[in-house]
Amino acid sequence: MANSGSLKSTIAVSLTNYLDAGAIVAGAVGLTLWQKYLGLSEVHLGWLNFISANCLGAALGAIIGGFLADKYGRKFIFTYNLLVYMTGVLLVMFAINFPMLLVGFLITGISVGVGVPASWTYISESSEVNNRGRNICISQMSWGVGPMCILLFGMLFAPGNDVDPNGPLYGMVESVAGFFGGADMSRDAINVFSSRIVFFTLFVVAFIAWNLQRKLQESTEFTAQKDTAEKTGLLENIKVLFSNKIAIRTVVFLATIYLTWNLVASVMGFFQPHIYETAGDVSNKQSAWMNCIQWAIIVGVTFIVSKLIDKTSHKAIYTFGLLVAIAAWLIIVTIGVNGMVGLWLFAILWGIQGGSSPQIFYALWGSELFPAKFRAGAQGLMFFIVRGLSAVWGLIFTYIYGDNGEGFTIAAFCMIVLLVISLIVGFIGAPVTRGRTLEDITKERYGDNY
């Protein structure tokens with residue numbers, strides 16, 4: 001049963017996506033600043049990506065949070081999880097060495113992983129049948145608004161260089177740095193306060209989101225099967241998931257389309273500003289500006305898709321997004337990113353694909369194709385697989401890419417192959433679920449026992 005307040009609850013829950021993508025991009029936009037302040041190598045940066053909200057941290061959190069949401073309810077996650085997120089963000093804000101920064105990234109990432117499966121599940125379960133796709137898109141818009149805002153903050157607080165002036169609010173950065181560190185701080189130590197302040201904005205949003213989410217009512221779908229859920233433990237739910245052939249095939253399908261796309265998107269989400277600054281040779285502020293516009297494009301395209309997704313073929317939208325994504329990477333291997341033309345073409349095309357990306361359909365299909373009994377757990381398992389392998393790929397990417405982007409063309413060919421796989425598998429396996437209730441889809445796929 002869907003409730004009539006689905007839009008209001010969707011907005012509250014979607015703040016989790018803001019915090020997910022915001023944490024990734026906040027790390028990304030300040031990556032070069034932290035590198036200079038702490039004297040980090042490219043391998044250090046790879047490890048930050050490896051354990052962050054982009055990869056391993058989220059992977060560990062997802063597999064825990066998914067099954068906890070199926071055992072104790074979606075509201076249980078909303079009540080406590082963002083307290084963990086705020087703790088991780090505080091550690092990053094006050095980091096003075098690499099281990100402290102690493103732990104902060106890890107804790108934040110785990111919280112992101114815990115929240116995502118419960119959020120997508122709750123949105124689908126609380127949506128009217130003809131608004132389910134729209135509400136998932138609203139959630140994805142939040143995933144775009146987060147980076148857009150973070151990048152805007154990054155530009156406002158950004159330190160300049162020989163060719164680019166400081167951001168308009170860099171004076172505030174110097175004042176805050178002087179208050180906490182005194183007058184004898186190095187320029188790199190002062191500059192990194194730009195990133196600390198950006199993370200503070202995430203702390204504020206997380207506090208607001210926590211207050212909204214902990215007041216939500218429990219999902220009616222979860223409540224309907226609560227008695228059964230209480231009689232089984234987490235391990236039992238995992239066994240049920242793996243004992244069902246239909247569920248296993250669905251996990252393989254969804255994990256494949258999401259993984260192959262996310263191996264590309266996760267690298268871009270974390271390293272794109274850094275790539276623009278090294279391979280593209282632009283300033284930190286210019287990089288943030290380009291990425292901010294790209295995320296604005298993502299939000300705009302997602303809004304258009306939200307108007308179409310409950311009325312139009314899912315396969316058609318999915319295919320369009322992947323074709324544009326492949327075109328973006330073909331720009332890399334033809335024009336390249338050494339000039340502004342190539343950089344802007346890539347940024348625009350990657351923005352368009354982001355608004356109709358496989359992540360929208362992974363979130364939608366992942367919450368439609370499993371029964372309520374292990375719906376969040378299945379999503380958590382897939383998220384664990386995808387973000388975990390993305391973590392490994394992030395480390396490999398740093399070696400392919402090189403210290404100054406000399407291997408970026410080779411990496412681009414790898415990205416194209418991954419996106420082609422996502423396109424083919426998604427085109428062949430796209431389910432027909434538009435306009436159908438979750439109960440109807442579950443009954444058709446699993447029978448009356450779920």
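Since the structure is predicted, the reported quantities are computational estimates derived from the model, not experimental observations. (Residues numbered from 1 in each chain as written. Predicted model: local features only at pLDDT ≥ 70, side-chain atom pairs only at ≥ 80, totals over all residues. Heavy atoms only, no water.)

## As for the overall build of the protein chain
Thought 1: Of regular secondary structure, the protein chain possesses 21 helices and 0 strands.
Thought 2: Whereas a compact globule of 450 residues would reach a radius of gyration of roughly 22 Å, the protein chain reaches 21 Å, a difference of no more than 12%.
Thought 3: Each of the three principal axes of the protein chain carries a C-alpha extent, and together these read 70 × 45 × 35 Å.
Thought 4: Per-residue burial for the protein chain yields a buried fraction of 61% across its 450 residues.
Thought 5: The contacts in the protein chain between residues at least 6 apart in sequence include a share of 83% that link residues at least 24 apart. (Helix = DSSP H or I, 4+ residues; strand = E, 2+ residues; numbered from the N terminus. Rg over C-alpha atoms; globule rule 2.2 N^0.38 Å. Buried < 20%, exposed > 50% of the residue type's maximum accessible area, 1.4 Å probe, protein only. Contact = heavy atoms within 4.5 Å.)

## Describing the packing of helix α1 (residues 6-29) against helix α7 (residues 132-157)
Thought 1: Where α1 meets α7, the axes come as close as 7 Å, and the angle between the chain directions of the two elements is 40°. With respect to the hand of their crossing, α1 and α7 are arranged in right-handed fashion. (Axes fitted to C-alpha atoms, helices over the stretch in contact; angles between N-to-C directions. Left-handed = near helix turned anticlockwise from the far one by under 90°.)

## Section: the packing of aromatic side chains
Thought 1: Per the stated rule, a full pass over the model turns up 25 aromatic pairs.
Thought 2: Where Phe94 meets Phe180, the ring centres are 6.5 Å apart and the plane angle is 70°; that geometry is what we call edge-to-face. Of this pair, Phe94 sits in the loop between α5 (74-93) and α6 (98-125) while Phe180 sits in helix α8 (residues 170-181), and the two are 86 residues apart along the sequence.
Thought 3: Its relative accessible area of 46% is what places Phe94 among the partly exposed residues. (Phe/Tyr/Trp six-rings, centres within 6.5 Å; stacked < 30°, edge-to-face > 60°.)

## Description of the side chain of Asn244
Thought 1: On the secondary structure map, Asn244 appears in the loop between α13 (234-243) and α14 (245-278).
Thought 2: Asn244 gets classed as buried once you look at its relative accessible area, which sits at 12%.
Thought 3: Side-chain polar atoms of Asn244 contact the backbone nitrogen of Ile246, separated by 3.0 Å.
Thought 4: Within polar-contact distance, the side chain of Asn244 engages the backbone nitrogen of Ala247 at 3.0 Å. (Polar contact = N/O pair within 3.5 Å; in protein donor to acceptor, adjacent residues only side chain to side chain.)

## Considerations on the pattern of salt bridges
Thought 1: One pass over the full model with this rule turns up 7 salt bridges.
Thought 2: Between Glu125 and Arg375 there is a salt bridge whose closest N-O contact spans 2.8 Å. Placement of the pair is Glu125 in helix α6 and Arg375 in helix α19 (residues 375-401), with a sequence separation of 250 residues.
Thought 3: Linking Glu368 and Arg132 is a salt bridge whose minimum nitrogen-to-oxygen distance equals 2.8 Å. Of this pair, Glu368 sits in helix α18 (residues 358-368) while Arg132 sits in helix α7, and the two are 236 residues apart along the sequence. The residues Glu368 and Arg132 share a single accessibility class, namely buried.
Thought 4: Taken together, the shared-partner salt bridges connect Asp70, Arg74, Glu125 and Arg375 into one network. (Salt bridge = Lys/Arg side-chain N within 4 Å of Asp/Glu carboxyl O.)

## Description of a nonpolar patch on the surface
Thought 1: Taken together, the side chains of Phe200, Val204, Phe207, Ile208 and Leu212 make up a nonpolar region of the molecular surface, amounting to roughly 430 Å² of accessible area.
Thought 2: Mapped onto the secondary structure, Phe207 falls in helix α10 (residues 193-213).
Thought 3: Assessed through its relative accessible area of 42%, Phe207 is described here as partly exposed. (Patch = residues over 30% accessible without salt bridge, like charges linked within 9 Å, V, L, I, M, F, W, Y side chains within 5 Å. Areas by Shrake-Rupley, 256 points an atom, 1.4 Å probe, with all protein chains shown as cover.)

## Quick notes on the state of the cysteines
Thought 1: One pass over the full model with this rule turns up 0 disulfides.
Thought 2: Cysteine Cys149 is unpaired, with the sulfur of Cys292 as its nearest cysteine sulfur at 7.9 Å. (Disulfide = S-S within 2.5 Å.)

## What to know about the nonpolar core
Thought 1: Counting residues in hydrophobic clusters, the biggest one holds 134 residues, and the most contacted among them are Trp329, Trp350, Trp365 and Phe370.
Thought 2: Looking at which element gives the most residues to this core, the answer is α14, with 15 residues.
Thought 3: Excluding anything up to four places from it in sequence, Trp329 contacts Val264, Met268, Phe346, Trp350, Phe408, Ala412, Met415, Ile416 and Leu419. (Core = buried A, V, L, I, M, F, W, Y, C linked by side-chain atoms within 4.5 Å.)

## What about the environment of Thr398?
Thought 1: As for its placement among the helices and strands, Thr398 is situated in helix α19.
Thought 2: Taking C-alpha positions, Thr398 is 16 Å from Asn262, a pair spaced 136 residues apart along the chain.

## Observations regarding the packing of helix α3 (residues 42-51) against α6
Thought 1: Contact geometry of α3 with α6 gives a least axis separation of 8 Å together with a crossing angle of 25°. By the angle class used here, α3 and α6 are roughly parallel. Relative to α6, the crossing made by α3 is right-handed. Two secondary-structure elements touch here, α3 through His44, Trp47, Leu48 and Ile51 and α6 through Phe98, Leu101, Leu102, Phe105 and Leu106.
Thought 2: Counted by class, the contact of α3 with α6 contains 8 nonpolar, 1 polar and no charged residues. (Parallel < 35°, antiparallel > 145°, perpendicular 65-115°, else oblique. Nonpolar A, V, L, I, M, F, W, Y, C, P; charged D, E, K, R; others polar.)

## Things to note about the environment of Ile297
Thought 1: Mapped onto the elements of the fold, Ile297 is located in helix α15 (residues 284-308).
Thought 2: C-alpha separation for the pair Ile297 and Asn191, spaced 106 residues apart in sequence, amounts to 29 Å.
Thought 3: Not counting residues within four places of it along the chain, the set of residues in contact with Ile297 comprises Ile348, Gly351 and Ile352.

## Considering α5
Thought 1: The terminal C-alpha atoms of α5, which comprises 20 residues, lie 29 Å apart, in line with the 28 Å expected from a rise of 1.5 Å per residue.
Thought 2: The largest bend along α5 measures about 35° and falls at Tyr80.
Thought 3: Burial in α5 covers these residues: Arg74, Ile77, Phe78, Asn81, Leu82, Tyr85, Met86, Gly88, Val89, Val92 and Met93. (Expected span 1.5 Å × (residues − 1). Bend = angle between axes of the 7 residues up to and from the residue.)

## Brief notes about the environment of Val192
Thought 1: Position of Val192 among the secondary structure elements: in the loop between α9 (187-191) and α10.
Thought 2: Spatially, the C-alpha atom of Val192 lies 9.3 Å from that of Leu31, the residues being 161 residues apart in sequence.
Thought 3: Val192 has contacts with Leu33, Trp34 and Tyr37, leaving out every residue within four places of it along the chain.

## Considerations on α19
Thought 1: In this model, α19 (27 residues) spans 38 Å end to end at C-alpha, consistent with the 39 Å of a helix rising 1.5 Å per residue.
Thought 2: Counting buried positions over the 27 residues of α19 gives 20, a clear majority of the element.

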